[in-house]
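These are the residues of each chain, in order.
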Amino acid sequence: MSAFQADSQQLILALSKGRIFEDTLPLLEAAGITVTENPETSRKLILPTNDPNVRVLIVRATDVPTYVQHGAADFGVAGKDVLLEHGGEGLYQPIDLHIAECRMSVAVRNGFDYETAVRQGARLRVATKFVETARAHFAKKGVHVDLIKLYGSMELAPLVGLSDAIVDVVSTGNTLRANDLKEVEAIMDISSRLIVNQAALKMKRERLQPILEAFERASKK
Ligand code: ADP
Ligand code: MG
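This one's a predicted model, so the numbers in the text were calculated from it and none came from an experiment. (Residues numbered from 1 in each chain as written. Chains lettered and ligands numbered in written order. Predicted model: local features only at pLDDT ≥ 70, side-chain atom pairs only at ≥ 80, totals over all residues. Heavy atoms only, no water.)

### Focus: unusual backbone geometry
With a phi angle near 55°, His98 is a residue other than glycine that sits in the positive phi range. In this fold, His98 is placed in strand β5 (residues 91–109). Classification of His98 by relative accessible area gives partly exposed; the value is 44%. Phi at Ala100 takes a positive value of approximately 50°, unusual for a residue other than glycine. Position of Ala100 among the secondary structure elements: in strand β5. Judged by its relative accessible area of 13%, Ala100 falls in the buried class. (Helix = DSSP H or I, 4+ residues; strand = E, 2+ residues; numbered from the N terminus. Buried < 20%, exposed > 50% of the residue type's maximum accessible area, 1.4 Å probe, protein only.)

Encoded structure:
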């Protein structure tokens with residue numbers, strides 16, 4: 001347990017800005033918790049709530065599991081995409097919140113014949129932030145790939161010849177279309193999950209349980 005939380009009844013929730021923050025707000029409301037500052041306009045990284053014992057950490061989406069794993073946050077919300085890359089060590093994952101729903105897909109440039117390339121056993125260059133998921137997917141298909149790790153703007157890679165394909169999360173496909181790319185294979189459905197630090201689950205069960213139950217009720221729509 002970190003010094004930050006020592007001897008404290010404080011509950012710390014880790015969230016990322018954007019879609020996950022916005023989709024988590026109604027779930028927090030269902031648990032009687034209102035975040036009293038907006039992360040889009042505030043420069044604060046620790047946001048207060050109407051409950052003096054509950055605070056929200058604003059971190060990068062990929063860092064949420066790390067904060068929760070190490071107990072710097074008691075609980076958090078993270079996409080399945082991020083959790084698969086992280087591995088889930090030290091995390092209890094009780095609830096699929098059905099928020100930030102999208103899918104993990106393979107996409108290529110319009111005009112690139114993915115099916116033929118795969119059938120002919122071509123070695124594919126695949127750019128992605130999700131190397132573990134991509135590795136597992138192509139291994140299962142028996143397709144040889146060279147994985148190129150990127151941290152953002154994956155859509156650019158096929159356009160400039162960095163890769164033949166990308167593995168990325170897609171919802172409407174608008175970003176792909178705007179960049180002359182097409183989705184050629186869906187890998188898995190993605191949604192965000194509640195994650196809880198395993199020690200916090202035992203030590204702070206009384207405080208956490210009502211919130212987890214409210215989240216579960218509010219997310220079953
Ligand atoms: P970052 O830009 O830091 O990678 P995002 O805010 O784009 O983070 O995504 C955070 C999480 O939201 C992802 O881990 C994923 O689970 C989900 N997500 C990303 N893109 C979409 C989308 N287009 N539609 C729905 N959910 C998405
Ligand atoms: Mg993004």
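### Regarding the sheet that holds strand β2 (residues 46–48)
Spatial ordering of the open sheet is given by β2-β3-β1-β4-β9-β5-β8-β6-β7, a layout of nine strands whose pairing is mixed. On the outer flanks of this sheet lie β2 and β7 (145–149), each paired with one strand and no other. The sheet shows a mean angle of 25° between the axes of neighbouring strands, taken without regard to direction. Direction of pairing for β5 relative to strand β8 (residues 165–170): antiparallel, over a ladder of six bridges. Following the sheet pairing, Val106 is matched in β8 by Val167. (Pairing = 2+ DSSP bridges. Axes fitted to C-alpha atoms, helices over the stretch in contact; angles between N-to-C directions.)

### Quick word on the site of ligand 1
In the region of ligand 1, 14 residues are neighbours, and Asp81, Ala100, Glu101, Lys129 and Ser171 sit closest. Within the side chain of Arg60, a nitrogen or oxygen atom sits 3.4 Å from an oxygen atom of ligand 1. In the model, a nitrogen atom of ligand 1 is placed 2.9 Å from a nitrogen or oxygen of the Ser171 side chain. Contact with the protein chains removes 75% of the 560 Å² of surface that ligand 1 exposes when unbound. Looking at the shell around ligand 1, the element that brings in the most residues is β5, giving three residues. Broken down by class, the residue content of the shell around ligand 1 amounts to seven nonpolar, two polar and five charged. (Near = heavy atom within 4 Å. Polar contact = N/O pair within 3.5 Å; in protein donor to acceptor, adjacent residues only side chain to side chain. Areas by Shrake-Rupley, 256 points an atom, 1.4 Å probe, with all protein chains shown as cover. Nonpolar A, V, L, I, M, F, W, Y, C, P; charged D, E, K, R; others polar.)

### So, the packing of helix α1 (residues 19–30) against helix α9 (residues 205–219)
With their axes 8 Å apart at the nearest point, α1 and α9 run at an angle of 120° to one another. Here α1 lies oblique to α9, going by the angle between them. Viewed along their axes, α1 and α9 form a crossing whose handedness is right-handed. Packed against α1, whose contacting residues are Thr24, Leu27, Leu28 and Ala30, the element α9 presents Ala214, Phe215, Ala218 and Ser219 at the interface. Its residues assigned to classes, the contact of α1 with α9 comprises six nonpolar, two polar and no charged. (Parallel < 35°, antiparallel > 145°, perpendicular 65-115°, else oblique. Left-handed = near helix turned anticlockwise from the far one by under 90°. Contact = heavy atoms within 4.5 Å.)

### Notes on the environment of Arg125
Turning to its location among the elements, Arg125 is positioned in strand β6 (residues 124–128). Taking the C-alpha atoms as reference points, Arg125 and Leu147, separated by 22 residues in sequence, lie 6.1 Å from one another. Leaving out residues up to four positions away in the same chain, Arg125 has contacts with Asp146, Ile148, Gly161, Leu162, Ser163, Asp164 and Ala165. A distance of 3.5 Å separates the side chain of Arg125 from the backbone oxygen of Leu162, its partner in a polar contact.

### Some remarks on the UniProt feature "domain: ATP phosphoribosyltransferase catalytic" (unreviewed entry) in the protein
UniProt records the feature "domain: ATP phosphoribosyltransferase catalytic" (unreviewed entry) at residues 60–216, using the numbering of this structure. Along residues 60–216 the backbone is 36% helical and 36% strand, and the end-to-end C-alpha distance reaches 24 Å. (UniProt positions renumbered as here; feature names shortened; annotations may be inferred.)

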